[in-house]
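# Topology and contacts: notes
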Amino acid sequence: MSQDSTTVPETVRKLSGRRRREIVAVLLFSGGPIFESSIPLSVFGIDRQDAGVPRYRLLVCAGEDVPLRTTGGLELTAPYGLEALSRAGTVVVPAWRSITQPPPPAALDALRRAHEEGARIVGLCTGAFVLAAAGLLDGRPATTHWMYAPTLAKRYPSVHVDPRELFVDDGDVLTSAGTAAGIDLCLHIVRTDHGADAAGALARRLVVPPRRSGGQERYLDRSLPEEIGADPLAEVVAWALEHLHEQFDVETLAARAYMSRRTFDRRFRSLTGSAPLQWLITQRVLQAQRLLETSDYSVDEVAGRCGFRSPVALRGHFRRQLGSSPAAYRAAYRARRPQGGPDGRPDRPERADRTERGERFPGAEPVEPRSGEAAVMGMRRSALAATHAVTGAPLGGDRHHGHGGHTGHGVPVGHGIGHGPSAVEPGKPESDLYSPHLPGQRERPVG
């Protein structure tokens, strides 16, 4: 259930007698980032009754018997241990230090016990990995930071991971996407407990929107889990990324994988955390973004070079994902770009045909060639890397494997296929007009 839902699932258990609804326990671990950790402390730990915000009682608990070191080498001291979770009506896990490490068994046992006794369990960002390790997300919808969602889906296949949502409320278990989405979920909890006025008053104090519309989809790039390099589907995904300019559908991909559509859908979702049709649409929209930013193609030409059957299809999917029309997006992007060149003109190519001949404008960035097949050259590097991981085929002279950056927890992500040059650049226009996709929503055809 997303942030736009108005009903709460009837999966909430009756709270045991020793627990109090107004008590919120925040479970901290060593190595957790300080920003995510501070979100529930600020929302639930400060008395703002003068502003009309009902007061919670906060218990900050250490999830392990080690020094709690956080961002920048800071060391924290929690006043409570795991035993204090027995009094809380809500338990928040704001982050976990590494998506590759298992959480402490004692902490997992405490979370399971709290859930059995009716406590509301909340995982912010990578905290969802702790909830999943405790088995609390089995058979449930959940979300996490879009960058970690494929790994969560692959590691815990019984969890219905939706990387598009800012947060998911499944009644007694709630999860959120990264960083700022943790604020959205905490405000949602206050709204659920005390109403819209209390949540609005708190939002004004925090100087944030009381309710953000949209989801994570505008931030998605082509990141896939590192493990995909060893999966037979890697070759199919590599082919799809290299042929986005062609019109093909999920049935085509399933045939290339020698699978039925049903089997392919299931395997693809378990590997990436996303339905194959939605993934394919997202890749086409991302390619449209790149062409709008780096070329002078008309919107009609962009639609054709991204595999959409018509400009109308491009506009519809583009607006749903990014909250604006392709033309408005291009105008906003170019308005934000720095001015360059001796004549003060925007630092962008004005004639794509000069790029075909390999010419460059002074100070200009490379632009997409006009050839339909070459228009996906920016993706070919990562696609070849994925194919190499499966077949061992040589990569030629280019040995760049498209490695992504690092997570806020020191864990490399995005290795192999679909990272690097295709990542969404910071500073792109955002809009609250984006229409979110809710879990279980029917997929729309690509064209």
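The present account deals with the structure reproduced in this document. (Residues numbered from 1 in each chain as written. Predicted model: local features only at pLDDT ≥ 70, side-chain atom pairs only at ≥ 80, totals over all residues. Heavy atoms only, no water.)

### Quick notes on the packing of helix α5 (residues 180-194) against helix α6 (residues 196-206)
Contact pair α5 / α6: the axes reach a minimum separation of 7 Å and the direction vectors enclose 145°. As α5 runs across α6, the sense of the crossing is right-handed. Listed contacts from α6 to I183, L187, V190, R191 and H194 of α5 are A196, A198, A199, L202, A203 and L206. Grouping the amino acids of the contact of α5 with α6 by side-chain chemistry returns nine nonpolar, one polar and one charged. (Axes fitted to C-alpha atoms, helices over the stretch in contact; angles between N-to-C directions. Helix = DSSP H or I, 4+ residues; strand = E, 2+ residues; numbered from the N terminus. Left-handed = near helix turned anticlockwise from the far one by under 90°. Contact = heavy atoms within 4.5 Å. Nonpolar A, V, L, I, M, F, W, Y, C, P; charged D, E, K, R; others polar.)

### Observations regarding the packing of helix α7 (residues 233-242) against helix α9 (residues 261-272)
Taken N-terminus to C-terminus, the directions of α7 and α9 make an angle of 90°; their axes are 12 Å apart at the nearest point. In terms of orientation, α7 and α9 fall into the roughly perpendicular class. Residue-level contacts link L233, V236 and V237 of α7 to F264, R267, F268 and L271 of α9. When the residues that make up the contact of α7 with α9 are grouped by side-chain class, the tally is six nonpolar, no polar and one charged. (Parallel < 35°, antiparallel > 145°, perpendicular 65-115°, else oblique.)

### Remarks on the nonpolar core
Within the largest apolar cluster, 40 residues are counted, with the highest numbers of intra-cluster contacts made by L27, L85, V91, L111, I121 and L137. L27 has contacts with C61, A62, G63, L82, L85, V92, V93, P94, A107 and L111, leaving out every residue within four places of it along the chain. Grouped together as the second largest cluster of nonpolar side chains are 35 residues, V250, L277, A303 and Y333 included. (Core = buried A, V, L, I, M, F, W, Y, C linked by side-chain atoms within 4.5 Å. Buried < 20%, exposed > 50% of the residue type's maximum accessible area, 1.4 Å probe, protein only.)

### As for the environment of G200
Within the secondary structure layout, G200 lies in helix α6. Between the C-alpha atom of G200 and that of V53, which follows or precedes it by 147 residues, the distance is 8.9 Å.

### Some remarks on the packing of aromatic side chains
Taken as a whole, this structure holds seven aromatic pairs when the rule is applied. Pairing F29 with W96 gives two aromatic rings, centres 4.9 Å apart and planes at 90°, and the pair type is edge-to-face. You can see F29 sitting in the loop between β1 (20-28) and α1 (34-45) and its partner W96 sitting in the loop between β5 (88-93) and α2 (105-116), a full 67 residues away along the chain. We note that F29, like W96, is buried. Ring centres of F44 and Y56 lie 5.0 Å apart, and the angle between their planes is 80°; on these two criteria the pair is classed as edge-to-face. Of this pair, F44 sits in helix α1 while Y56 is found in the loop between α1 and β2 (57-62), placing the two residues 12 residues apart along the sequence. The buried category is assigned to Y56, whose relative accessible area is 8%. Among the aromatic residues, those joined into a ring-pair cluster are F264, F268 and W279. Over the face of the ring belonging to F248 we find R284, whose NZ or CZ atom lies 4.7 Å from the ring centre. Sitting over the face of the ring of Y297, R305 holds its NZ or CZ atom 4.3 Å from the ring centroid. (Phe/Tyr/Trp six-rings, centres within 6.5 Å; stacked < 30°, edge-to-face > 60°. Lys NZ or Arg CZ within 6 Å of the ring centre and 35° of its normal.)

### A look at unusual backbone geometry
Glycine aside, residues mostly have negative phi, and peptide bonds are mostly found in the trans state. Of note in this structure, V207 is not a glycine but carries a positive phi near 55°. As for its placement among the helices and strands, V207 is situated in the loop between α6 and α7. The class for V207 is exposed, based on a relative accessible area of 71%. Of note, the phi angle at Y258 is positive, near 55°, even though the residue is not glycine. With respect to the element layout, Y258 can be found in the loop between α8 (250-256) and α9.

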